[in-house]
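Notes for the structure review
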Amino acid sequence: ELLLLLVFVALVVWVVALLTYSVNDPAWSTSGTGDALHNRAGRLGAWIADMSYFTLGYSVWWCVALALQTWLAALARRLRGDELEQAAPQTVGL
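We now turn to the structure provided with this report. (Residues numbered from 1 in each chain as written. Predicted model: local features only at pLDDT ≥ 70, side-chain atom pairs only at ≥ 80, totals over all residues. Heavy atoms only, no water.)

1. Digging into the pattern of salt bridges
- With the rule as written, the count across this model stands at 1 salt bridge.
- The salt bridge involving R78 is made with E1; its shortest N-O contact spans 2.7 Å. Taken together, the positions of R78 in helix α3 (residues 60-80) and E1 in the segment before α1 (2-19) put the pair 77 residues apart, joining distant regions of the chain.
- By relative accessible area, R78 is classed as partly exposed at 29%. (Salt bridge = Lys/Arg side-chain N within 4 Å of Asp/Glu carboxyl O. Helix = DSSP H or I, 4+ residues; strand = E, 2+ residues; numbered from the N terminus. Buried < 20%, exposed > 50% of the residue type's maximum accessible area, 1.4 Å probe, protein only.)

2. Quick notes on the nonpolar core
- Listed in full, the 11 residues of the largest apolar core are L4, L11, W14, A17, L18, A49, Y53, V60, V64, W71 and A74.
- When residues of this core are traced back to their parent elements, those giving at least two are α1, α2 (42-56) and α3.
- Per-element tally for this core: the top contributor is α1, with 5 residues.
- Setting aside its immediate chain neighbours within four residues, A17 contacts N39, A41, G45 and A49. (Core = buried A, V, L, I, M, F, W, Y, C linked by side-chain atoms within 4.5 Å. Contact = heavy atoms within 4.5 Å.)

3. So, the side chain of S52
- Among the structural elements, S52 can be located in helix α2.
- A residue is classified by how much of its surface remains accessible, and S52, at 11% relative accessible area, is buried.
- A polar contact of 3.1 Å, which involves the side chain of S52, links it to the side chain of W14.
- S52 has contacts with W14, L18, G57 and V60, leaving out every residue within four places of it along the chain. (Polar contact = N/O pair within 3.5 Å; in protein donor to acceptor, adjacent residues only side chain to side chain.)

4. Side note on the packing of α1 against α2
- Between α1 and α2, whose axes approach to 8 Å, the crossing angle comes to 75 degrees. The angle between α1 and α2 falls in the class roughly perpendicular. Facing W14, A17 and L18 of α1, the residues of α2 in contact are G45, I48, A49, S52 and Y53.
- Residue classes in the contact of α1 with α2 are distributed as 6 nonpolar, 2 polar and no charged. (Axes fitted to C-alpha atoms, helices over the stretch in contact; angles between N-to-C directions. Parallel < 35°, antiparallel > 145°, perpendicular 65-115°, else oblique. Nonpolar A, V, L, I, M, F, W, Y, C, P; charged D, E, K, R; others polar.)

Read these as layout, nothing more, since geometry by itself doesn't imply function.
Encoded structure:
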């Protein structure tokens, strides 16, 4: 449960960083303009967004969608209790 919560927080920070990205922020591929940070996720968010857009461009949003879908599937498995069923050995009568 803690891992699900941490991954959710990381996804939210990633989305906020991507949505509030500004080329004027100092980050990995730019030194910025010296103005105040525009990224709502702070300096780390500026770096994350810059690296994401630099490596994948706008296709990074497909990665966000895939990460969200994977997180939702893990949450559904946890809520259904599938992890407990997989851990217990299944016996099949012949």
